[in-house]
Amino acid sequence: MLYIFDTENADISFVYESVKYLSKQRKERLDVIRAENDKINCCAAYLLLRYGLFREYGERTAPIFEYEKREKPYITNISGAHFNISHCKNAVACILSDENTAVDIMDIRSVRPAVIKRSCSEEEQKKLSESSDISRDFIRLWTRKECFVKYTGMGLLADFRTITEDIPEMRDIHTFESGGSIISYYSRRKNIEVVRVTQDELFSCLQKEIGL
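Heads up: these notes are all about the structure in this document. (Residues numbered from 1 in each chain as written. Predicted model: local features only at pLDDT ≥ 70, side-chain atom pairs only at ≥ 80, totals over all residues. Heavy atoms only, no water.)

Focus on the overall build of the protein
In terms of regular secondary structure, the protein is built from 7 helices and 9 strands. The C-alpha radius of gyration of the protein comes to 18 Å, within 12% of the 17 Å expected for a compact globule of 212 residues. Dimensions of the protein, computed from C-alpha atoms along their principal axes, come out at roughly 55 × 35 × 30 Å. Here the protein holds 212 residues, and 49% of them are scored as buried. Sequence separation of 24 or more characterises 60% of the internal contacts of the protein that already satisfy a separation of 6 or more. Surface accessibility of the protein: about 11200 Å² in total, with carbon and sulfur atoms responsible for 47%. Within the protein, one finds 32 positive and 34 negative side-chain charges whose respective centroids are separated by 2 Å. (Helix = DSSP H or I, 4+ residues; strand = E, 2+ residues; numbered from the N terminus. Rg over C-alpha atoms; globule rule 2.2 N^0.38 Å. Buried < 20%, exposed > 50% of the residue type's maximum accessible area, 1.4 Å probe, protein only. Contact = heavy atoms within 4.5 Å. Areas by Shrake-Rupley, 256 points an atom, 1.4 Å probe, with all protein chains shown as cover. Lys, Arg positive; Asp, Glu negative; His and termini not counted. Charge placed at Lys NZ, Arg CZ, Asp CG, Glu CD.)

Structural notes on the environment of glutamate 56
Of note, glutamate 56 is situated in helix α3 (residues 36–57). In sequence terms glutamate 56 and leucine 96 are 40 residues apart; their C-alpha atoms lie 8.4 Å from each other.

Focus on the state of the cysteines
Summed over the entire model, instances satisfying the criterion amount to 0 disulfides. Here cysteine 88 is not cross-linked by a disulfide; its sulfur's nearest cysteine counterpart is in cysteine 94, at 14 Å. The thiol of cysteine 205 is not disulfide-bonded; the next cysteine sulfur, from cysteine 94, is found 12 Å away. (Disulfide = S-S within 2.5 Å.)

Thoughts on the side chain of serine 187
As for its placement among the helices and strands, serine 187 is situated in the loop between β8 (181–186) and β9 (194–197). Judged by relative accessible area, which is 8%, serine 187 ranks as buried. Polar contacts involving the side chain of serine 187 include one to the main-chain amide nitrogen of arginine 189, which spans 3.1 Å. Contacts of serine 187, omitting those with residues within four sequence positions, involve Asp172, His174 and Ile192. (Polar contact = N/O pair within 3.5 Å; in protein donor to acceptor, adjacent residues only side chain to side chain.)

With respect to helix α6 (residues 134–152)
When the terminal C-alpha atoms of α6 are compared, their 27 Å separation across 19 residues agrees well with the 27 Å that a helix rising 1.5 Å per residue should span. Within α6, 14 of the 19 residues are buried, which leaves it mostly tucked inside the rest of the structure. Where α6 terminates, the next one or two residues include glycine 153, which has phi positive at roughly 80 degrees. (Expected span 1.5 Å × (residues − 1).)

Some remarks on the pattern of salt bridges
According to the stated counting rule, one finds 11 salt bridges in the structure shown. Here glutamate 17 and lysine 20 are joined by a salt bridge, their closest N and O atoms 3.4 Å apart. Glutamate 17 gets classed as partly exposed once you look at its relative accessible area, which sits at 26%. A salt bridge links arginine 144 to glutamate 165, with the nearest nitrogen and oxygen atoms 2.8 Å apart. Of this pair, arginine 144 sits in helix α6 while glutamate 165 is found in the loop between α6 and β7 (173–178), placing the two residues 21 residues apart along the sequence. Residue classification places arginine 144 among the buried positions, given a relative accessible area of 11%. (Salt bridge = Lys/Arg side-chain N within 4 Å of Asp/Glu carboxyl O.)

Remarks on the layout of surface pockets
To find leftover empty space, one rolls a probe the size of a water molecule over the atoms. In this structure, the largest pocket occupies an estimated 770 Å³ of space. Lining of the largest pocket is provided by 30 residues; of these, Arg29, Glu71, Pro73, Ile85 and Lys150 occupy positions nearest its centre. Examining the composition of the lining of the largest pocket, we find that 5 residues originate from one element, strand β4 (residues 82–87), more than from any other. When the residues that make up the lining of the largest pocket are grouped by side-chain class, the tally is 14 nonpolar, 6 polar and 10 charged. Looking at the second largest pocket, its volume works out to about 270 Å³. (1 Å grid on protein atoms, 1.4 Å probe; cavity = no way out; pocket = protein on both sides within 12 Å on 5 of 7 lines; lining within 4 Å. Points joined across faces, edges and corners; volume = space filled by probe spheres on them. Nonpolar A, V, L, I, M, F, W, Y, C, P; charged D, E, K, R; others polar.)

In structure tokens, the structure reads:
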């Protein structure tokens, strides 16, 4: 499933309420973050993962992470659950699967020409130059490329100009627009359930079902 949490109305009180549900590892990461919005995203991402793990796997254990060579996280203390997390200014997305997966979410905003040139093949640049909404179309393309490098573990050091739609795995990357964001996720299933989770639902689940 793909879970989405809107952080637009969350403030520092959300962080204070979230702390009790974080693992020691996640608290240590939170402690070094300074910006309020980044603290909110750090908490929201972890709580959304816990919400999904309970809903899909009945798992009450707080997940512990380790990282692959290119910094893609995986859960060490819960078997069989693959996940990926992404966030933008006003939302966090978390995907769970029984196989390798990935997700990317990005706000729709204006894009500088230099970014397009650095990230797109010549053919993609040509198509974008003919677009009636270059920023929207570029961000759609970018989330697909970033989803691909997260899925493969290539990381952001990959040359995005070489990641094009003719790569076989790109056929399993699905993209849609939600509010002011564009989301791409990897799944070999054509459609997965998308669940929008409110702050009340998030804390209610953690307090009652998980029993914290």
